Amino acid sequence: MKQIICCAVLCTFLGVALTPAAALADSRAHHAAIKVCKQRYKDAVRGAKYLKSRQRRERIEEARREREECERLAPR
């Protein structure tokens, strides 16, 4: 009985210890992709600052849509 419990605890511990390594790599890629999306959006908004009112609004809306699409396509 003791051997079964020890084996179960050991397997659970190893499973938990090894899982985050793969998940961490994915989250790094996701974080980097989101960072790029946000930077592109910020650059587009800065560039739109010099446009006239209607063009500015359209450009900011377009940048927002591009950012949302970029975030959807970012690796998980």
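For the structure itself, look to the data block above.
What comes next is a walk through the structure. The structure presented is a predicted model; accordingly, all values stated were derived computationally and were not measured.

1. Some details on the environment of R40
Move 1: Inspection of the secondary structure assignment puts R40 in helix α1 (residues 2-48).
Move 2: Through-space distance from the C-alpha of R40 to that of R64 is 9.9 Å; in sequence the pair is 24 residues apart.

2. Structural notes on the state of the cysteines
Move 1: Applying the stated rule across the entire model yields one disulfide.
Move 2: Note that C37 is cross-linked by a disulfide to C70, the S-S spacing being 1.9 Å. The sign of the S-S torsion, about -70 degrees, decides the handedness of the disulfide formed by C37 and C70: left-handed. With C37 in helix α1 and C70 in helix α2 (residues 53-73), this residue pair connects regions lying 33 residues apart in the sequence.
Move 3: According to the relative accessible area criterion, C37 is buried, its value standing at 2%.
Move 4: On the basis of relative accessible area, C70 is assigned to the partly exposed category, the value being 22%.

3. Side note on the environment of C37
Move 1: A sequence separation of 29 residues divides C37 from E66, and the C-alpha atoms of the two residues are 8.3 Å apart.
Move 2: Look past the residues within four positions of C37 in its chain and what remains in contact with it is R67, C70 and E71.

4. Some details on the packing of aromatic side chains
Move 1: Summed over the entire model, instances satisfying the criterion amount to zero aromatic pairs.
Move 2: The ring of Y41 has R67 sitting right over it, with the charged end atom 4.3 Å from the ring centre.

Rules of the game
- Positions within a chain are numbered from 1, following the residues in the order the chain's sequence is written.
- This being a predicted model, a pLDDT of at least 70 is required before a residue's local features are given, and a value of 80 or more before pairs of side-chain atoms are given or counted; all residues contribute to the totals for chains, interfaces and linings.
- As a rule here, side-chain values come from all non-hydrogen atoms in the structure, and water together with hydrogens is ignored.
- Only DSSP runs of H or I with at least four residues qualify as helices, and only runs of E with at least two residues qualify as strands; both kinds are numbered from the N terminus onward.
- By convention in this document, the label disulfide applies to cysteine sulfur atom pairs within 2.5 Å.
- Burial here depends on accessible area, computed with a 1.4 Å probe over protein chains only, as a share of the maximum for the residue type. Under 20% is buried, over 50% is exposed, and the range in between is partly exposed.
- Residue contacts are defined here by distance: any two heavy atoms, one from each residue, within 4.5 Å place the two residues in contact.
- Think of it this way: a Phe, Tyr or Trp ring, Trp meaning its six-membered ring, pairs with another when their centres are within 6.5 Å, and the plane angle makes it stacked under 30 degrees, edge-to-face over 60, tilted otherwise.
- Only Lys NZ and Arg CZ are tested; either one counts as a charge over a ring when it is within 6 Å of the ring centre and within 35 degrees of the ring normal.

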